[in-house]
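The chain contents come next:
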Amino acid sequence: MAEQSPRAQPFSGRVALVTGASRGIGHALALELARAGAHVIALARTQGALEELDDAIRAAGSEATLVPCDLTDFDALDRLGAAIHERWKKLDIFVGNAGELGAVTPLSHIDPQDWDKVIAVNVTANWRLIRALDMPLRAAETGRVLFITSGIAHRADYRPYWGGYAVSKAALDALARTYAAETETTSNVKVMLANPGPLRTRMRAKAMPGEDPLTLKTPEDLAPKLLQFLLPSSVQTGKLYDFPSDEILSFAGPQPMSV
Ligand code: NAP
């Protein structure tokens, strides 16, 4: 039998926190990072799914630390930041991937609790993590941050009914771009956003129940593409990687109306 050549380990010695690692995009990216040598800190609420990820990471010859936690427990995020600083003195990679869709319904029909949850998971938790992780990210030789946004945040024509989610992702874009600006000249930290486009996950199935999931690309197609922005050699910051077009996009402000 032909011997398999060992996989390159460009992330060897690097510590990476991935939120929403129990399934979908976060799961695929956590596994991809671990296979490339990173020690993955995997955060999500579903402990059983994190344990299955841990098994897969060990089978790939790497190691993980599991953090079963609800992102809306903001004090727990502070404790996580302190624990990372205490144990590793640095954090090389932070992927803010976990997301909540909320109800797809007119703005006037959104339940206030549902609105608060979408904003808490998609925006506030990511800000609380920036706050809790800023010190270990700056302490790393090359801190890399990636937030998973959505095309809906910056569509030229806003869609009806996706209001809570669209507002939260537009706010996430502003959060990421502000952190990119704050770190650009004062640290080696780079901060990117990624738009996955439609992918075969539980969230997409909830959003588009009539769609045939087999027509969609998968998180496993996306994950290897995202690694480039987490490498020490990556120079991009404050920009958006668009998976459907496989392009890095810069942000433009409002355009003059054509007459
Ligand atoms: P998914 O399969 O539903 O996974 C969502 C992940 O977020 C799960 O691991 C879930 O873990 C975690 N999560 C949700 N609420 C949480 C909370 N309160 N505390 C901790 N973890 C929480 O969705 P996905 O499609 O992979 O989505 C990943 C990201 O991609 C999201 O930010 C989403 O907005 C974005 N996105 C997806 C698509 C797409 O087509 N799939 C398109 C554009 C953008 P637990 O339930 O175990 O906590």
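The structure reproduced in this document is the subject of the present report.

Reading the values: the criteria
Residues numbered from 1 in each chain as written. Predicted model: local features only at pLDDT ≥ 70, side-chain atom pairs only at ≥ 80, totals over all residues. Heavy atoms only, no water. Helix = DSSP H or I, 4+ residues; strand = E, 2+ residues; numbered from the N terminus. Rg over C-alpha atoms; globule rule 2.2 N^0.38 Å. Buried < 20%, exposed > 50% of the residue type's maximum accessible area, 1.4 Å probe, protein only. Contact = heavy atoms within 4.5 Å. Areas by Shrake-Rupley, 256 points an atom, 1.4 Å probe, with all protein chains shown as cover. Lys, Arg positive; Asp, Glu negative; His and termini not counted. Charge placed at Lys NZ, Arg CZ, Asp CG, Glu CD. Right-handed = clockwise from strand over helix to strand, strands pointing away. Pairing = 2+ DSSP bridges. Near = heavy atom within 4 Å. Polar contact = N/O pair within 3.5 Å; in protein donor to acceptor, adjacent residues only side chain to side chain. Core = buried A, V, L, I, M, F, W, Y, C linked by side-chain atoms within 4.5 Å. Axes fitted to C-alpha atoms, helices over the stretch in contact; angles between N-to-C directions. Parallel < 35°, antiparallel > 145°, perpendicular 65-115°, else oblique. Left-handed = near helix turned anticlockwise from the far one by under 90°. Salt bridge = Lys/Arg side-chain N within 4 Å of Asp/Glu carboxyl O.

**Observations regarding the overall build of the chain**
Each helix and strand in the chain was counted, giving seven helices and eight strands. Relative to the 2.2 N^0.38 estimate, which gives 18 Å for 259 residues, the radius of gyration of the chain is 18 Å and therefore close to what a compact globule would have. Residues counted as buried form 48% of the 259 residues belonging to the chain. Taking as baseline every contact in the chain between residues at least 6 positions apart, the subset at least 24 positions apart corresponds to 70%. On the chain, roughly 13,100 Å² of surface is accessible, and the fraction owed to carbon and sulfur atoms is 52%. Charge centroids of the chain, computed over 27 positive and 30 negative side chains, lie 2 Å from each other.

**Topic: the pairing of strand 2 (residues 39-44)**
Within strand 2, six of the six residues are buried, leaving the element largely enclosed by the surrounding structure. Handedness of the crossover is the feature at issue here: the chain leaves strand 1 (residues 15-19), passes through helix 1 (residues 24-35), returns alongside strand 2, and the resulting connection is right-handed. Examined bridge by bridge, strand 2 and strand 3 (residues 64-68) share five bridges and lie parallel to one another. Of the residues in strand 3, the one forming a bridge with Ala 44 is Pro 68.

**Quick look at the site of the ligand**
Taken together, 29 residues form the shell around the ligand, and within it Arg 45, Thr 46, Asn 97, Tyr 165 and Thr 201 come nearest. Arg 45 places a polar side-chain atom, nitrogen or oxygen, 2.7 Å from an oxygen atom of the ligand. For the ligand, whose accessible area on its own is 870 Å², the fraction buried by protein is 96%. Residue assignment for the shell around the ligand shows that the elements contributing at least two residues are helix 1, helix 5 (163-184) and helix 6 (202-207).

**Regarding the nonpolar core**
Within the largest apolar cluster, 35 residues are counted, with the highest numbers of intra-cluster contacts made by Phe 11, Leu 29, Leu 33, Val 40, Leu 146, Leu 226 and Leu 230. Sorting the residues of this core by element identifies strand 1, helix 1, strand 2, helix 2 (47-59), strand 4 (93-96), strand 5 (144-148), strand 6 (190-195) and helix 7 (219-226) as the ones contributing at least two each. Ranked by residues supplied to this core, first place goes to helix 1 with seven residues. Residue contacts for Val 40: discarding those within four places in its chain leaves Ala 16, Val 18, Ala 30, Leu 33, Ala 34, Ile 57, Glu 63, Ala 64 and Thr 65. If you look at the next biggest cluster of nonpolar residues, it comprises 31 residues, including Val 67, Phe 94, Ala 180 and Val 189.

**Section: the sheet that holds strand 2**
If you trace the eight strands from one edge of the open sheet to the other, you get 3-2-1-4-5-6-7-8, paired in mixed fashion. The strands lining the two open edges of the sheet, one partner per strand, are strand 3 and strand 8 (247-249). The sheet shows a mean angle of 20 degrees between the axes of neighbouring strands, taken without regard to direction. Examined bridge by bridge, strand 4 and strand 5 share four bridges and lie parallel to one another. Bridging from a neighbouring strand, Gly 96 pairs with Phe 147 of strand 5. Along the sheet, helix 1 contacts strand 1, strand 2, strand 4 and strand 5; its crossing angle with strand 1, the most-contacted strand, is approximately 170 degrees.

**Let's talk about the packing of helix 1 against helix 2**
One way to put it is that helix 1 packs onto helix 2 with a least axis distance of 9 Å and a crossing angle of 25 degrees. The angle between the axes of helix 1 and helix 2 places the two elements in the roughly parallel class. Note that helix 1 runs across helix 2; the crossing there is right-handed. Counting all contacts with helix 1, which are made through His 27, Ala 30, Leu 31 and Ala 34, the residues of helix 2 involved are Leu 53, Ala 56 and Ile 57.

**As for the pattern of salt bridges**
Counted according to the given criterion, the structure contains nine salt bridges. Across the pair Lys 90 and Asp 92 runs a salt bridge whose closest N-O atoms are separated by 2.8 Å. By relative accessible area, which is 21% here, Lys 90 ends up partly exposed. For Asp 92, a relative accessible area of 1% puts it in the buried group.

**Digging into the pairing of strand 1**
Within strand 1, five of the five residues are buried, which leaves it mostly tucked inside the rest of the structure. Alternating positions in strand 1 separate into two faces, Val 15, Leu 17 and Thr 19 on one and Ala 16 and Val 18 on the other, with burial throughout. Sheet topology note: the strand 1/strand 2 ladder contains five bridges and is parallel. Note on strand 2: the bridge partner recorded for Leu 17 is Ile 41. Relative to strand 4, strand 1 runs parallel, the two sharing three bridges. Bridge pairing in strand 4 links Ala 16 to Ile 93.

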